[in-house]
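# Structure assessment
Okay, here's what each chain looks like letter by letter:
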Amino acid sequence: MPNASIRAIDAATLKSWVHDDQEIALFDVREHGQYGEGHPLFAVPLPFSRLEADVGRLAPRTDVRVVLVDDGDGVAGAAARALAALGYTDVFVLAGGVLAWQAAGFALFKGVNVPSKVFGELVEHHFQTPRITADQLAAGLAAGLAAGSAATQGSARAPVVLDGRPVSEFSKMNIPGAICCPNGELAYRIRDIVPDTETPVVINCAGRTRSIIGAQSLIDAGVENPVYALENGTQGWYLNDHVLEHGGTARYPETLSPQSVRRARSGAQALSSRFAVPHIGAGEAAAWLADASRTTFLCDIRTGQEYAAGTIAGAQHAPGGQLVQATDQYVGVRRARLIVFDADGVRAPIIAHWLRQMGHDAVVLQGGLEAGRAAHLSARSGPLATPHDARSISASELQGSLAAGAAHVIDLRESMAFRAGHIPGSAWSIRPRLSDDLAGVAKQVSIVVIDDRKSAAAARLAIGDLDTLGYRDVRVLAGGVGAWAEAGQPLHAGAQSLPDAHCIDYLFFVHDRHDGNKDAARAYLAWETGLIAQLDAQELATFRLPAHAAAS
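Residues numbered from 1 in each chain as written. Predicted model: local features only at pLDDT ≥ 70, side-chain atom pairs only at ≥ 80, totals over all residues. Heavy atoms only, no water.

## So, the overall build of the protein
- Helix and strand counts for the protein stand at 26 helices and 20 strands.
- Scaling as 2.2 N^0.38, a compact globule of 552 residues should have a C-alpha radius of gyration of about 24 Å, and the protein matches this with 25 Å.
- Within the protein, the fraction of its 552 residues that count as buried is 54%.
- Excluding contacts between residues fewer than 6 apart, the proportion of contacts in the protein whose partners are at least 24 apart in sequence is 77%.
- Just so you have it, the protein exposes about 21,600 Å², and 52% of that area is on carbon and sulfur atoms.
- Here the protein carries 47 positive and 58 negative side-chain charges, and the mean point of each set is 3 Å from the other. (Helix = DSSP H or I, 4+ residues; strand = E, 2+ residues; numbered from the N terminus. Rg over C-alpha atoms; globule rule 2.2 N^0.38 Å. Buried < 20%, exposed > 50% of the residue type's maximum accessible area, 1.4 Å probe, protein only. Contact = heavy atoms within 4.5 Å. Areas by Shrake-Rupley, 256 points an atom, 1.4 Å probe, with all protein chains shown as cover. Lys, Arg positive; Asp, Glu negative; His and termini not counted. Charge placed at Lys NZ, Arg CZ, Asp CG, Glu CD.)

## A closer look at the domain arrangement of the protein
- Each assigned domain of the protein is listed with its residue range as follows: domain 1 (8-112), domain 2 (117-255), domain 3 (276-375) and domain 4 (391-502).
- The straight-line distance from the C-alpha centre of domain 1 to that of domain 4 is 29 Å.
- For the pair domain 1 and domain 4, the summed buried surface comes to about 700 Å²; carbon and sulfur atoms form 64% of the total.
- Of all residues in domain 1, Phe48, Ser49 and Arg50 give up the largest surface area on contact with domain 4, accounting jointly for 55% of the area buried on that side.
- Remark: the boundary between domain 1 and domain 4 carries one salt bridge.
- With a shortest N-O distance of 2.7 Å, Glu52 and Arg431 are connected by a salt bridge.
- For the pair domain 1 and domain 4, the interface holds two residue pairs in polar contact (both at pLDDT 80 or more).
- Here the side of domain 1 that touches domain 4 takes three residues from helix α3 (residues 51-58), the largest share from any one element. (Domains from an automatic or database assignment. Buried area = accessible area lost by both parts, 1.4 Å probe. Salt bridge = Lys/Arg side-chain N within 4 Å of Asp/Glu carboxyl O. Polar contact = N/O pair within 3.5 Å; in protein donor to acceptor, adjacent residues only side chain to side chain.)

## As for the nonpolar core
- In this structure, Leu14, Phe27 and Leu68 are the most contacted members of the largest nonpolar core, which totals 110 residues.
- Of the residues forming this core, the biggest block, seven residues, is contributed by helix α4 (residues 75-86).
- Aside from chain neighbours lying at most four places away, what touches Phe27 is Val44, Leu46, Val55, Leu58, Ala59, Val66, Val67, Leu68, Val69 and Gly332.
- Ranked by size, the runner-up nonpolar core spans 16 residues in total, among them Met173, Ala206, Tyr228 and Leu244. (Core = buried A, V, L, I, M, F, W, Y, C linked by side-chain atoms within 4.5 Å.)

## A look at the sheet that holds strand β11 (residues 279-280)
- The strand order across the open sheet built from five strands is β11-β15-β14-β12-β13, with neighbouring strands paired in parallel fashion. Each edge of the open sheet is held by one strand with a lone partner, namely β11 and β13 (316-317).
- Of the strand pairs in this sheet, strand β12 (residues 296-300) and strand β14 (residues 337-341) are connected by five bridges, and their pairing is parallel. Following the sheet pairing, Phe297 is matched in β14 by Leu338. (Pairing = 2+ DSSP bridges.)

## Observations concerning the packing of aromatic side chains
- This model, assessed by the stated rule, comprises nine aromatic pairs.
- An angle of 85° between the planes, with centres 6.3 Å apart, marks the rings of Phe127 and Trp354 as edge-to-face. Of this pair, Phe127 sits in helix α6 (residues 114-127) while Trp354 sits in helix α16 (residues 347-357); the two residues are 227 residues apart in sequence, bridging distant segments of the chain. Considered together, Phe127 and Trp354 belong to a single accessibility category, that of buried residues.
- Residues Tyr506 and Phe508 carry aromatic rings whose centres are separated by 4.8 Å and whose planes lie at 75° to one another, so their mutual orientation is edge-to-face.
- Of the residues examined, Tyr506 reaches a relative accessible area of 19% and is grouped as buried. (Phe/Tyr/Trp six-rings, centres within 6.5 Å; stacked < 30°, edge-to-face > 60°.)

## A word on the UniProt feature "domain: Rhodanese" (unreviewed entry) in the protein
- Cross-referencing UniProt, the feature "domain: Rhodanese" (unreviewed entry) maps to residues 20-110, 155-246, 300-381 and 403-493 in the present numbering.
- Its end C-alpha atoms 24 Å apart, residues 20-110 is made of 35% helix and 15% strand.
- This span, residues 403-493, is 34% helix and 18% strand, and a straight line between its end C-alpha atoms measures 21 Å. (UniProt positions renumbered as here; feature names shortened; annotations may be inferred.)

## Here's the deal with the sheet that holds strand β17 (residues 407-411)
- The strand order across the open sheet built from five strands is β16-β20-β19-β17-β18, with neighbouring strands paired in parallel fashion. What marks the edges here is a single partner per strand, and that holds for β16 (391-393) and β18 (427-428).
- Taken together, the two bridges between β17 and β18 define a ladder with parallel strand orientation. Counted as the bridge partner of Asp411 is Trp428 from β18.

## Points about helix α24 (residues 518-529)
- Counted at 1.5 Å a residue, the expected span for α24 with its 12 residues is 16 Å, and the 17 Å between its end C-alpha atoms agrees.
- Turning to α24, the residues buried within the fold contact α6, α10 (209-220), α11 (233-239), α23 (508-511) and α25 (531-534).
- Where α24 begins, the capping side chain belongs to Asn517, and its oxygen is found 3.1 Å from the backbone nitrogen of Asp519. (Expected span 1.5 Å × (residues − 1).)

## Concerning the packing of α6 against α10
- Contact geometry for α6 and α10: axes closest at 9 Å, N-to-C directions at 50°. Judged by the inter-axis angle, α6 sits oblique to α10. The interaxial crossing formed by α6 with α10 has left-handed handedness. Contacts between α6 and α10 involve Ser116, Lys117, Phe119, Gly120, Glu121, Val123, Glu124 and Phe127 from the first element and Thr209, Ile212, Ile213 and Gln216 from the second. (Axes fitted to C-alpha atoms, helices over the stretch in contact; angles between N-to-C directions. Parallel < 35°, antiparallel > 145°, perpendicular 65-115°, else oblique. Left-handed = near helix turned anticlockwise from the far one by under 90°.)

## Remarks on helix α13 (residues 282-290)
- For α13, the complete set of buried residues consists of Ala282, Ala285, Trp288 and Leu289. With its buried residues spanning 115° around the axis, α13 presents them on a single face. Exposed and facing more than 90 degrees away from the buried side of α13 are Gly283 and Ala290.
- Buried residues in α13 make contact with β11, β12, β14, β15 (361-365) and α17 (368-374). (Arc of directions from axis to C-beta.)

## Here we look at the pattern of salt bridges
- Here the structure, examined in full by the defined rule, presents 39 salt bridges.
- Put simply, Glu121 and Arg208 hold a salt bridge, and the shortest N to O gap is 2.7 Å. One end of the pair, Glu121, is in helix α6; the other, Arg208, is in the loop between β9 (201-204) and α10, and 87 residues separate them in sequence.
- On the basis of relative accessibility, which here comes to 2%, the residue Glu121 falls in the buried class.
- Three or more residues joined by partner-sharing salt bridges are found here, namely Glu121, Glu124, Arg131, Arg208 and Glu231.

## Section: the environment of Leu26
- In this structure, Leu26 sits in strand β2 (residues 25-28).
- Separated by 412 residues in the primary sequence, Leu26 and Leu438 place their C-alpha atoms 30 Å from one another.
- Every residue in contact with Leu26, bar those within four places of it in the chain, is listed here: Leu14, Val18, Phe42, Ala43, Val44, Val67, Val69 and Gly332.

Here it is in structure tokens:
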């Protein structure tokens, strides 16, 4: 795709497209740290470093309208050419990038998964979701009685704390005594975790969104227990000088009693009726999936273990709680259709009712997994670039090449991995910076690439770019820095090896709040609670909370 064919649009045009009635894939192709410092509200993160690896999943239809956003530095143009090579036919670039968007008077939003976080704040305001402070919860847990908390005065039972985050996040830090039960599983499994209806239940996450959505999910599903969201999650706990545990393993039960499933299904059916959640049969789902003029996502919202044991062909694994919490990680096309399914008739209606309130055209597959497989449903998959491979080089061979001055080492791992330990003399780089970082390196030099499991896909794309830049001898260090260290070779480490400003793949704003930095935690919570005030009228109208308070 030559430069002359890149179609540019201005910010006003893009703003009108974001709010019209046609599908649009608005992709911010900057790296994670850049995106997180400020982006249009509905821009989906698709870093250029991983573009071809992820775009087919996020935008499976190649004739969908695509708009790419960058810093006005040409990365969007490179991304447009890459998408054209994959077969995308309706691609545009925002002229001037995010600075032009801001100059036109439109807001930029810090952080990640911002529409979902905005939605959490709207839910709390709209439904008046009950909450409990960290000090109140700590008092109740310390006393062993819920009556120790003013928010649960009158109950004689100790509260149960359920952490609505995935297992991987729970293991990093948790409220002492908490049980991991991701949000998408809460209403399905709650009655086996808390069999009686008197015990207060407190839902927490790391901050606010999943605490609120998890608690309100139980309330909407008709759970009889007193339910509360822990105000500000583990951050609120830490900011109030309570101790967090690390490496927690307590989690939800894998098997459920038939009685608890029946109760959960009854609650989900009542929720579906109260919120008018649409269900479609396998025949209609097949027609949607076959319609080449519309984008339809087929989302398996069950656990990873269930998904791995068998799913519907082409379905994306999108655990229910995370699909609501981080919708833009699974759905890259606004106004696409979403078919969500489970195998129990409980989880999918609850997730669909949230997605619809977020403004998505979401429906439940009637009969779930069994019906979908019986009807041989199959979701379309988008294009996927052929990964570029390179010959490998051993640690001992690399040592010899470096000693002879015959190799230039480029470390393509995440910037924080580079800081933690890298080969002396290696240079960190990332795909959008390759050309600049190699400006002084002769084409005949052997380029040795360092990657790891996390960065493998991005590294393979960068290897293709190295070939385009004219480097013909590109190799990958077999075994990465681990093999180098096992060979007895030294590693260098430290933040001084890579300044913060260079770490465009890392969002310090998000991560510092979990690293003992109370100021960062306070700033993050202030940002989160201030999100609604940043919305303009069109953005606010995107969300569709019901006129009635549906707790009853």
